[in-house]
Amino acid sequence: MKTKYGVTGVLFDVKGGKRYFLLLHRVLNWKGWEFVKGGIEKGEAAEQAVLREIKEEASLDKVSIVSVLPKKFSWTSNGTKYIYTPFILRADMNAPVSVEQEIVEHDDFKWVEEETVARMLTHGDNRRIFAEVLSVLRDYDG
């Protein structure tokens, strides 16, 4: 079985004492809401990959890594095993976001209040990642 490594970027900001998270609406291969994600390219570190994916998928380049989740998430699809490293990143929700790409992966984005995120996420792996993110952010005061 082929194995591909990748990253997931969970971006958040805090406004008015509430946390908001960036979700992208995927239209390539399936439809639904997800976090930024993508493969690690040859010779690229996971940290470089997550920053590149955020720039490619959301046009954001002023983000900071808050934490790397210790647990990797994996799934199998069409004979390929995917192993992804999730990152928590702080972004500015007032910065312009664009989902326009040469290959259209996403057609929309939303900054979503924390209590609504899990209900909007399409896949269970994203909901599990989000639960881990919330446990890490419980003590975050940045």
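To be clear, the structure that these remarks concern was listed above.
Residues numbered from 1 in each chain as written. Predicted model: local features only at pLDDT ≥ 70, side-chain atom pairs only at ≥ 80, totals over all residues. Heavy atoms only, no water.

Residues that lie three or four places apart on an α-helix share one face, since the helix turns once every 3.6 residues. The terminal C-alpha atoms of helix α1 (residues 46-58) lie 18 Å apart, and with 13 residues this matches the ideal 18 Å at 1.5 Å per residue to within 8%. Turning to α1, its buried residues are Ala 46, Ala 49, Val 50, Arg 52, Glu 53, Ile 54, Glu 57 and Ala 58. Buried positions along α1 lie against β1 (2-15), β2 (18-26), β4 (36-39), β5 (64-68), β7 (80-90) and β8 (106-113). A positive phi of about 65° marks Ser 59, the residue just after α1. (Helix = DSSP H or I, 4+ residues; strand = E, 2+ residues; numbered from the N terminus. Expected span 1.5 Å × (residues − 1). Buried < 20%, exposed > 50% of the residue type's maximum accessible area, 1.4 Å probe, protein only. Contact = heavy atoms within 4.5 Å.)

By size, the foremost hydrophobic cluster in this structure holds 20 residues, and its most contacted members are Leu 11, Leu 22, Ile 54, Leu 60, Val 63, Leu 89 and Trp 111. When residues of this core are traced back to their parent elements, those giving at least two are β1, β2, α1 and β7. No other element matches the five residues that α1 contributes to this core. Grouped together as the second largest cluster of nonpolar side chains are 16 residues, Val 10, Trp 33, Ile 129 and Val 133 included. (Core = buried A, V, L, I, M, F, W, Y, C linked by side-chain atoms within 4.5 Å.)

Tallied over the full model, the rule gives six aromatic pairs. Taking the centre distance of 5.0 Å and the plane angle of 90° together, the rings of Phe 21 and Phe 130 count as edge-to-face. Taken as a pair, Phe 21 in strand β2 and Phe 130 in helix α3 (residues 124-137) lie far apart in primary sequence, 109 residues in all. Phe 21 sits in the buried class, given a relative accessible area of 0%. Given the relative accessible area of 2%, Phe 130 is considered buried. One aromatic cluster is present, formed by Phe 12, Phe 21, Phe 35 and Phe 130 through successive ring pairs. (Phe/Tyr/Trp six-rings, centres within 6.5 Å; stacked < 30°, edge-to-face > 60°.)

Moving on: the environment of Val 136. By the element assignment, Val 136 lies in helix α3. For Val 136 and Gly 39, which are 97 residues apart along the polypeptide, the C-alpha to C-alpha distance reads 24 Å. The contacts of Val 136, once residues within four sequence positions are left out, are Ser 67, Leu 69 and Ile 88.

The next point concerns α3. In a regular helix each residue adds 1.5 Å, so 14 residues correspond to 20 Å; α3 covers 20 Å between its end C-alpha atoms and thus fits that length. Those residues of α3 lying buried are Asp 125, Asn 126, Ile 129, Phe 130, Val 133 and Leu 137. An end-on view of α3 places all buried positions within 135° of arc, on one side of the element. (Arc of directions from axis to C-beta.)

Across all of its chains, the model carries 13 salt bridges by this definition. The partner of Lys 37 in a salt bridge is Glu 34, with the nearest N and O atoms 2.7 Å apart. Given a relative accessible area of 16%, Lys 37 falls into the buried group. By relative accessible area, which is 0% here, Glu 34 ends up buried. (Salt bridge = Lys/Arg side-chain N within 4 Å of Asp/Glu carboxyl O.)

Geometric descriptors of this kind do not, in isolation, establish any biological role.
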